[in-house]
Amino acid sequence: MSLLVVGLSHRSAPVSVLERASLAVEARTKLLQDTLAAEPATEAAVLATCNRIELYADVDKFHAGVAELSTLLAQHSGVGLDELTPYLYVHYEDRAVHHLFSVACGLDSMVVGEGQILGQIKDALALGQELHTAGRLLNDLFQQALRVGKRAHSETGIDRAGQSLVTFGLEQLADGAEVTQWAAGKRALVIGAGSMSSLAAATLARAGVDEIVVANRTRARADRLVEILGQAGVPTARAVEMDGVAGELARADVVVSCTGATGLVLTAEAVAGALGVEFDTAERAAEAPAAPADELDQHAAWVENGSATAAAQDRAVRRVPVRPASTGPARLHLLDLAMPRDIDGAAHRVAGVRLVDIESLAEASADAPMAADVDQVRTIVADEVAAFGAAQRAAHITPTVVALRTMAADVVAGEIARLDGRLPDLDEKQRAEITQTVRRVVDKLLHAPTVRVKQLASEPGGAGYADALRELFDLDPQTVAAVSRADLNDPNRGRS
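Residues numbered from 1 in each chain as written. Predicted model: local features only at pLDDT ≥ 70, side-chain atom pairs only at ≥ 80, totals over all residues. Heavy atoms only, no water.

(A) Focus on the sheet that holds strand β8 (residues 254-257). Strand order in the open sheet formed by six strands is β7-β6-β5-β8-β9-β10, and the pairing between neighbours is parallel. Looking along the sheet, the strands with just one partner apiece sit at the ends: β7 (236-240) and β10 (353-357). Across the sheet, the mean angle separating the axes of adjacent strands is 15 degrees when strand polarity is ignored. In terms of strand pairing, strand β6 (residues 211-215) meets β7 through five bridges, oriented parallel. By the bridge assignment for β7, I212 is matched with A237. Contacting β5 (187-191), β6 and β8, helix α11 (residues 195-207) runs over the sheet at an angle of about 170 degrees to β5. (Pairing = 2+ DSSP bridges. Helix = DSSP H or I, 4+ residues; strand = E, 2+ residues; numbered from the N terminus. Axes fitted to C-alpha atoms, helices over the stretch in contact; angles between N-to-C directions. Contact = heavy atoms within 4.5 Å.)

Right under this line is the structure:
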């Protein structure tokens with residue numbers, strides 16, 4: 001196993017960089033195809049969420065792999081390599097497994113313990129399977145990550161440590177009030193009908209809003225979400241076309257937006273127009289500039305052993321302080337969960353508007369308390385990483401053991417054929433007894449060494465036992481490779 005992950009997240013990069021580096025579905029597809037075409041990589045998967053972009057690959061060379069994956073991320077994200085490099089982190093082999101398992105458990109999320117990441121990992125695996133870029137290693141890795149994440153949520157109280165990004169965002173909008181009390185009687189506009197928007201609509205429904213309006217570029221998806229909301233008992237839910245957003249904005253109390261658009265969905269001028277107030281475009285010049293890269297606490301990026309120190313991981317990137325909202329009571333509450341952003345950041349200067357976006361959520365989550373259950377989850381992750389490594393090392397020697405037993409069976413068959421030529425008068429019963437006896441002798445001779453070599457191979461540093469076995473028994477490498485390919489093409493492989 002030569003697993004490599006190169007990526008950036010809210011822990012290593014400012015939101016402004018994450019926003020620019022975000023990948024649409026089409027870009028992820030091209031990134032995976034180009035990664036597989038690159039010389040160092042034989043498998044690839046990409047995990048892209050609102051606060052992380054990570055490229056996983058099975059590589060045969062560490063340094064060449066890091067260079068190639070970093071270059072590909074830069075090319076497909078549109079952020080120059082020189083600018084992107086300081087924010088990248090690298091994890092290799094067991095550290096890469098540990099990282100993904102931690103991500104799956106919600107330990108590396110902006111809101112610790114949130115469970116939505118499991119769906120995003122599942123989507124990443126599905127895309128890799130669809131494009132045939134995820135092979136044996138990444139199929140096993142991502143399937144196991146999903147199981148580890150589910151285990152963490154079922155065996156610990158990690159769910160109490162955090163909540164979904166949607167719930168956290170609504171809490172920030174409520175500004176200290178109970179969300180259910182704050183939401184009661186409000187009209188909500190949800191822009192988008194994907195997984196995050198659907199979660200937002202369901203959360204708003206549970207919070208007790210009076211009305212939910214869904215706007216989406218594809219009307220059929222908006223209608224489907226409205227149908228689901230109706231089945232869930234939402235009193236008033238309806239769908240509108242995207243060109244109806246302006247009219248609905250004037251009626252709404254709460255707006256949640258999460259689309260895949262590459263440009264702004266709501267400008268500050270549109271927000272001001274909906275409230276019937278003026279917005280001076282000169283106010284944009286007053287927007288606080290992002291902190292320069294050399295003033296940011298940067299993640300340990302090029303770490304050859306694939307891990308940054310715990311201290312480096314716990315140091316949050318110093319972000320620009322959250323800018324105060326407009327003065328006076330909020331008439332319109334905006335929650336932007338998109339990456340890149342859907343709502344103009346200048347909207348917070350419009351009178352009567354409270355805006356919460358990914359950047360302000362990152363700022364607020366930096367001080368969120370950690371639950372005691374986190375330590376228990378970390379123990380689960382450590383145990384699962386060890387088990388995964390042992391299983392992968394054991395699996396590495398299996399084709400060699402199978403090839404050895406196949407060779408032994410061929411030897412037995414050849415000797416029985418020679419016996420038939422020398423003793424043609426043997427009846428069927430005698431021949432069967434001799435054949436069975438020879439097979440039992442061979443099986444007994446091979447049993448102890450093959451069992452022991454599997455045990456040794458599952459331990460750290462055990463990768464060389466397969467090579468030793470092939471050398472000692474003069475096994476044909478092509479035969480071993482054929483066994484590996486047959487196992488990989490098994491239609492039942494990777495199903496859970």
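(B) Broad picture of the packing of aromatic side chains. Within this structure, the stated rule accounts for three aromatic pairs. Centroid distance F62 to Y92: 4.8 Å. Interplanar angle 65 degrees. Geometry classified as edge-to-face. Placement of the pair is F62 in helix α3 (residues 62-77) and Y92 in strand β4 (residues 89-92), with a sequence separation of 30 residues. (Phe/Tyr/Trp six-rings, centres within 6.5 Å; stacked < 30°, edge-to-face > 60°.)

(C) Representation of the sheet that holds strand β2 (residues 41-49) in the model. Spatial strand order, β2-β3-β1-β4: four strands in an open sheet with antiparallel pairing. In the strand order of this sheet, the two ends are held by β2 and β4, each with one partner. Ignoring which end each strand starts from, the neighbouring axes of this sheet average 15 degrees apart. Note that β2 and strand β3 (residues 52-59) share eight bridges and pair antiparallel. Residue pairing in the sheet places T49 in a bridge with R52 of β3. Along the sheet face, helix α2 (residues 25-37) touches β2 and β3 and points at about 160 degrees away from the line of β2.

No statement about biological role is implied by the geometric values presented.
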